[in-house]
Amino acid sequence: MLLLKVCLLPLIIHSLKTLYLSILQIVKRELLFAICLILLCTHRGFAQKAVLYFLNEKNGLSDNQANCFLQDSKGMMWLGTSYGLNRYDGSRFTVYRKENSHLCDNVIVEIAEDHRQQLWIATSNGLSKYDLNTHRFESYFFNNQTHLQNAFSSVVCCGDTILLGTENGVLIFDAKKSQFARRIQPVGSDGANRITKIYKDSKQRIWLCTYNGLWQYNLMTGNSEVPCSKSGVSDPLKHELVNDIIEMPEDNFWVGTWSKGLFSFNVNSPQPKSWLQIKGSHTNVITLAKLQNEQHITELWLSNTLSTLHIENRSVEIRDFFGNSPYPDINVHKLYTDRHNMLW
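*Asks:* It is not clear to me how the confidence of the model for the protein should be interpreted in this structure. Could you clarify?
*Replies:* Note that predicted coordinates carrying low pLDDT should not be read in detail. For the protein, per-residue confidence averages 81 on the pLDDT scale, and residues scoring 70 or more make up 79% of the total. Note on residues 3–48: pLDDT under 50 across the span, and 77 contacts to partners over four residues away in sequence or across chains.

Put into structure tokens, the structure is as follows:
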């Protein structure tokens with residue numbers, strides 16, 4: 001697992017005074033990040049460079065296969081791996097496994113936080129809840145702990161409704177009643193019920209990435225539809241495995257697919273547009289993240305080959321951060337941006 005930190009000079013200069021005044025009040029995990037930012041300010045031209053931090057089993061990470069990340073409301077980083085859940089305070093890891101806690105499984109797929117400061121942890125065999133205030137775990141299983149029914153691919157919190165992606169649609173968990181409520185399926189076939197990711201945007205709209213395209217789910221009505229269905233145009237994502245979706249400014253969305261590369265669309269004009277033909281583009285886009293650059297412009301980062309999309313000149317820049325590192329053959333399969341504008 002790699003932590004990639006892109007430091008942006010104008011942003012740091014603007015916030016340096018505030019950072020200095022508050023540095024004595026922030027906790028240890030925040031102090032580590034703050035010191036890194038200050039030290040980098042002494043290097044002229046560093047805005048064009050990236051500083052890499054490698055965290056792995058030698059540093060206390062439970063497993064080198066990192067599957068997901070979350071920064072909680074208290075500022076703590078959580079990392080889900082294929083052998084345990086990790087809480088990272090900026091200097092050390094606390095590892096949770098089913099052997100030393102009430103975590104339901106060691107393969108952590110995704111983590112989400114609700115409005116009650118509770119983490120919901122989707123695993124390959126069940127759903128766990130961790131209370132950030134009481135530090136207690138509770139676990140839940142659907143259909144009498146049948147493994148196939150409890151292999152979750154994604155989790156999203158919508159108030160007291162927890163949405164879970166499965167191989168057979170979206171499973172709904174009622175957090176108030178602490179029980180599974182019902183299962184919903186996209187209005188489609190040929191893989192549309194196999195959910196790869198559930199995404200909630202800034203306007204609380206729910207998007208389903210599936211083995212058969214991208215669907216929008218209405219939590220109130222329970223209906224699902226293809227975004228461009230109302231416009232009457234053909235759907236270029238039909239029959240395509242959609243890996244990821246991310247929201248950008250002004251209701252623009254970007255979609256990463258398994259074999260057709262990158263797509264973009266606007267909610268007001270939802271015909272997906274392919275970016276496969278642009279310079280440097282890749283057919284397989286596994287994960288997406290957004291990061292602010294030195295001009296305060298939000299950039300789109302994508303992988304499995306770590307790259308940045310330049311929309312203005314329609315090109316993709318491959319970021320060769322790993323060539324001179326101890327791990328030159330890294331393939332990135334998960335990206336996450338925290339509140340410090342750090343890329344994990």
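Continuing now.
*Asks:* For this particular structure, what's the right way to read the pattern of salt bridges?
*Replies:* Counting across every chain of the model gives ten salt bridges. Of the charged contacts, one joins Asp244 and Lys197 as a salt bridge, the two residues approaching to 3.9 Å between their closest N and O atoms. With Asp244 in strand 19 (residues 242–248) and Lys197 in strand 15 (residues 195–200), the pair connects residues that are 47 residues apart, well separated along the chain. Look at Asp244 and you get buried, because its relative accessible area is 5%. The salt bridge partner of Arg205 is Asp201, with a shortest N-O separation of 2.6 Å. As far as the burial class goes, Arg205 and Asp201 line up, both buried. Each of the salt bridges in this network shares a partner with another, and the network as a whole consists of Asp201, Lys203, Arg205 and Asp251.

*Asks:* Is there a simple way to think about the side chain of Glu240 in this case?
*Replies:* Structurally, Glu240 is set in the loop between strand 18 (224–225) and strand 19. Within the local environment of Glu240, its side chain forms a polar contact with the backbone nitrogen of Lys260, the two atoms lying 3.5 Å apart. Other than its neighbours up to four places away in sequence, Glu240 contacts Thr210, Tyr211, Asn212, Gly213, Thr257, Trp258, Ser259 and Lys260.

*Asks:* Would you explain the sheet that holds strand 9 (residues 126–131) in this entry?
*Replies:* Note on sheets: strands pair through backbone hydrogen bonds, and any given pair is parallel or antiparallel. An order of 7-8-9-10 is seen for the four strands of this open sheet, with the pairing classed as antiparallel. For this open sheet the edge positions go to strand 7 (108–113) and strand 10 (137–140), each flanked by a neighbour on one side alone. Strand-to-strand twist of the sheet, defined as the mean angle between neighbouring strand axes without regard to direction, takes the value 20 degrees. Direction of pairing for strand 9 relative to strand 10: antiparallel, over a ladder of four bridges. Each bridged residue has a counterpart across the sheet, and for Leu127 the counterpart in strand 10 is Tyr140.

*Asks:* Is there a simple way to think about the sheet that holds strand 23 (residues 287–292) in this case?
*Replies:* With respect to topology, four strands assemble into an open sheet ordered 23-24-25-26, the strand pairing being antiparallel. This sheet does not close on itself; its edge strands, each paired only once, are strand 23 and strand 26 (315–318). Looking at each pair of strands side by side, their axes are set apart by 30 degrees on average, direction ignored. With four bridges connecting them, strand 25 (residues 307–310) and strand 26 associate as antiparallel partners. The partner of His310 across the bridge, within strand 26, is Ser315.

*Asks:* Please clarify how the nonpolar core should be interpreted in this entry.
*Replies:* Most often, soluble globular proteins have nonpolar side chains that are buried together. Core analysis: the biggest nonpolar cluster contains 25 residues, and Trp78, Leu85, Ile111, Ile121 and Trp344 have the highest contact counts within it. Put simply, the parts of the chain that give this core at least two residues each are strand 3 (66–71), strand 4 (77–81), strand 5 (84–88), strand 6 (93–96), strand 7 and strand 8 (118–123). With four residues, the top contributor of residues to this core is strand 3. Setting aside residues no more than four positions away along its own chain, Ile121 makes contact with Leu85, Leu103, Ile108, Glu110, Ile111, Gly126, Leu127, Ser128, Tyr130 and Phe137. In this structure, Ile245, Val255, Leu288 and Leu300 belong to the second largest nonpolar core, which totals 23 residues.

*Asks:* Quick question: what am I supposed to make of the pairing of strand 11 (residues 154–158) here?
*Replies:* Each regular strand displays side chains that alternate between the two surfaces of the sheet. For strand 11, a buried count of five out of five residues is recorded, marking the element as mostly surrounded by other parts of the structure. Residues Ser154, Val156 and Cys158 line one face of strand 11 and the alternating positions Val155 and Cys157 line the opposite face, and both faces are buried. For strand 11 and strand 12 (residues 161–166), the ladder comprises five bridges, and the chain directions are antiparallel. Among the inter-strand pairings, Cys157 is bridged to a residue of strand 12, identified as Ile162. Counting the residues that bridge the hairpin from strand 11 to strand 12 gives two residues, and of these Gly159 lies at a positive phi of roughly 65 degrees.

*Asks:* Quick question: what am I supposed to make of the pairing of strand 5 here?
*Replies:* Within strand 5, five of the five residues are buried, which leaves the element mostly enclosed by the surrounding structure. Side chains of strand 5 alternate between two faces, with Gly84, Asn86 and Tyr88 and Leu85 and Arg87 buried alike. Where strand 4 lies against strand 5, five bridges are found, and the strand directions are antiparallel. Its bridge partner lying in strand 5, Thr81 is registered against Gly84. Between strand 4 and the antiparallel strand that follows it, strand 5, lie two residues.

*Asks:* Explain the environment of Ile108 to me, please; I cannot follow it from the model alone.
*Replies:* Relative to the assigned elements, Ile108 resides in strand 7. For the pair formed by Ile108 and Leu79, sequence separation is 29 residues and the distance between their alpha carbons is 8.5 Å. Aside from chain neighbours lying at most four places away, what touches Ile108 is Asn67, Cys68, Gly80, Thr81, Gly84, Leu85, Leu103, Ile121, Ala122 and Thr123.

*Asks:* What exactly am I supposed to notice about the packing of aromatic side chains here?
*Replies:* For any two aromatic rings, the description comes down to two numbers: the centre-to-centre distance and the angle of the planes. One pass over the full model with this rule turns up 19 aromatic pairs. What links up through ring pairs into an aromatic cluster is the set Trp120, Tyr140, Phe142, Phe152, Phe173 and Phe180. Stacked on the ring of Tyr83, the Lys or Arg Arg97 has its end atom at 3.9 Å from the ring centre. Directly above the aromatic system of Tyr211 lies the positively charged group of Arg194, at a separation of 3.8 Å from the ring centroid.

Quick notes on the rules
Residues numbered from 1 in each chain as written. Predicted model: local features only at pLDDT ≥ 70, side-chain atom pairs only at ≥ 80, totals over all residues. Heavy atoms only, no water. pLDDT = per-residue confidence, 0-100. Contact = heavy atoms within 4.5 Å. Salt bridge = Lys/Arg side-chain N within 4 Å of Asp/Glu carboxyl O. Helix = DSSP H or I, 4+ residues; strand = E, 2+ residues; numbered from the N terminus. Buried < 20%, exposed > 50% of the residue type's maximum accessible area, 1.4 Å probe, protein only. Polar contact = N/O pair within 3.5 Å; in protein donor to acceptor, adjacent residues only side chain to side chain. Pairing = 2+ DSSP bridges. Axes fitted to C-alpha atoms, helices over the stretch in contact; angles between N-to-C directions. Core = buried A, V, L, I, M, F, W, Y, C linked by side-chain atoms within 4.5 Å. Phe/Tyr/Trp six-rings, centres within 6.5 Å; stacked < 30°, edge-to-face > 60°. Lys NZ or Arg CZ within 6 Å of the ring centre and 35° of its normal.

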